[in-house]
Amino acid sequence: MSDVDFTQDSPFPAQQASFNSMRNVKARNRAGWLGLFADDAILQDPVGVSAFDPTGQGHKGKEAIGAFWDNVIAPNGGEIRIRESYPAGDECANLLRITRILPNGKSFEVNFIGVYRVDEAGKILSLKAYWQFDKAMADFAAAMAE
């Protein structure tokens, strides 16, 4: 199965928002990415308590989402791929993979599900990323130790 081509447009608003999100992350375009979100949006990446979100309540509003970009997305490059995409109503669920090449030359992958919900204007109201923070950090540490 080949990856979903997120450089193409979609007739489904939530899927289009997810594609635009990926395009902006790939281009390292903070302003473009942040502009996709509604003013009162919430981002949970990952969903639940983690070092990225100690309360587990998510990053609410553009200021907090911008800080998430600055602290998590900007310093952590890598190739992001949409392996599968399922638009439905005002939401879209994507099966994603991020691959990073570590300083030791080893690769490190995180598979996750990203669920986007949009408003009538196509702005992202919520973005939820489902992945296991502790497992990813353990896999990262193991790859760094190789």
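Calculation criteria
Residues numbered from 1 in each chain as written. Predicted model: local features only at pLDDT ≥ 70, side-chain atom pairs only at ≥ 80, totals over all residues. Heavy atoms only, no water. Helix = DSSP H or I, 4+ residues; strand = E, 2+ residues; numbered from the N terminus. Rg over C-alpha atoms; globule rule 2.2 N^0.38 Å. Buried < 20%, exposed > 50% of the residue type's maximum accessible area, 1.4 Å probe, protein only. Contact = heavy atoms within 4.5 Å. Areas by Shrake-Rupley, 256 points an atom, 1.4 Å probe, with all protein chains shown as cover. Lys, Arg positive; Asp, Glu negative; His and termini not counted. Charge placed at Lys NZ, Arg CZ, Asp CG, Glu CD. Salt bridge = Lys/Arg side-chain N within 4 Å of Asp/Glu carboxyl O. Expected span 1.5 Å × (residues − 1). Arc of directions from axis to C-beta.

Colleague: Would you take a moment to explain the overall build of the protein chain for this structure?
Modeller: Within the protein chain one finds 4 helices and 6 strands. Counting from the amino terminus, helix and strand elements in the protein chain follow one another as α-α-β-β-α-β-β-β-β-α. Relative to a compact globule of 146 residues, whose C-alpha radius of gyration would be 15 Å, the protein chain shows 15 Å and is just as compact. Along the longest, intermediate and shortest principal axes, the C-alpha atoms of the protein chain span 50 × 40 × 25 Å. Relative to its 146 residues, the protein chain shows a buried fraction of 41%. Taking contacts inside the protein chain between residues at least 6 apart in sequence as the whole, the part at least 24 apart equals 47%. On the protein chain, roughly 7,800 Å² of surface is accessible, and the fraction owed to carbon and sulfur atoms is 53%. For the protein chain, the distance from the average position of its 15 positive side-chain charges to the average position of its 19 negative side-chain charges is 4 Å.

Colleague: I tried to follow the pattern of salt bridges on my own but got confused; where do I start?
Modeller: Between side chains of opposite charge, pairing is possible as soon as their charged atoms come close. In the structure shown here, the tally under the stated rule is 6 salt bridges. Here D3 ties to R81 by a salt bridge, and the two come within 2.6 Å at their closest N and O atoms. In this pair, D3 sits in the segment before α1 (13-26) while R81 sits in strand β3 (residues 79-88), placing the two residues 78 residues apart along the sequence. K135 is the partner of D139 in a salt bridge, and the nearest nitrogen-oxygen pair spans 2.8 Å. Taken together, the residues D139 and K135, both in helix α4 (residues 133-145) and 4 residues apart, mark about one turn of the helix. For D139, a relative accessible area of 33% gives the class partly exposed.

Colleague: I'm lost on α4 in this one. Help?
Modeller: Residues that lie three or four places apart on an α-helix share one face, since the helix turns once every 3.6 residues. Its 13 residues give α4 an end-to-end C-alpha distance of 18 Å, which sits within 8% of 18 Å, the value for a rise of 1.5 Å per residue. Of all the positions in α4, only F133, A136 and A143 are classed as buried. The buried residues of α4 occupy an angular sector of 90 degrees when projected down its axis, which confines them to one face. Turned more than 90 degrees off the buried face of α4, the exposed positions are D134 and A145. For α4, the secondary structure elements touched by its buried residues are β5 (107-118).

Colleague: How should helix α3 (residues 61-73) be read in this particular structure?
Modeller: The terminal C-alpha atoms of α3, which comprises 13 residues, lie 17 Å apart, in line with the 18 Å expected from a rise of 1.5 Å per residue. Among the residues of α3, G61, I65, G66, F68, W69, V72 and I73 are the ones counted as buried. In this structure, the buried residues of α3 make contact with α1, α2 (30-34), β1 (37-44) and β2 (59-60).

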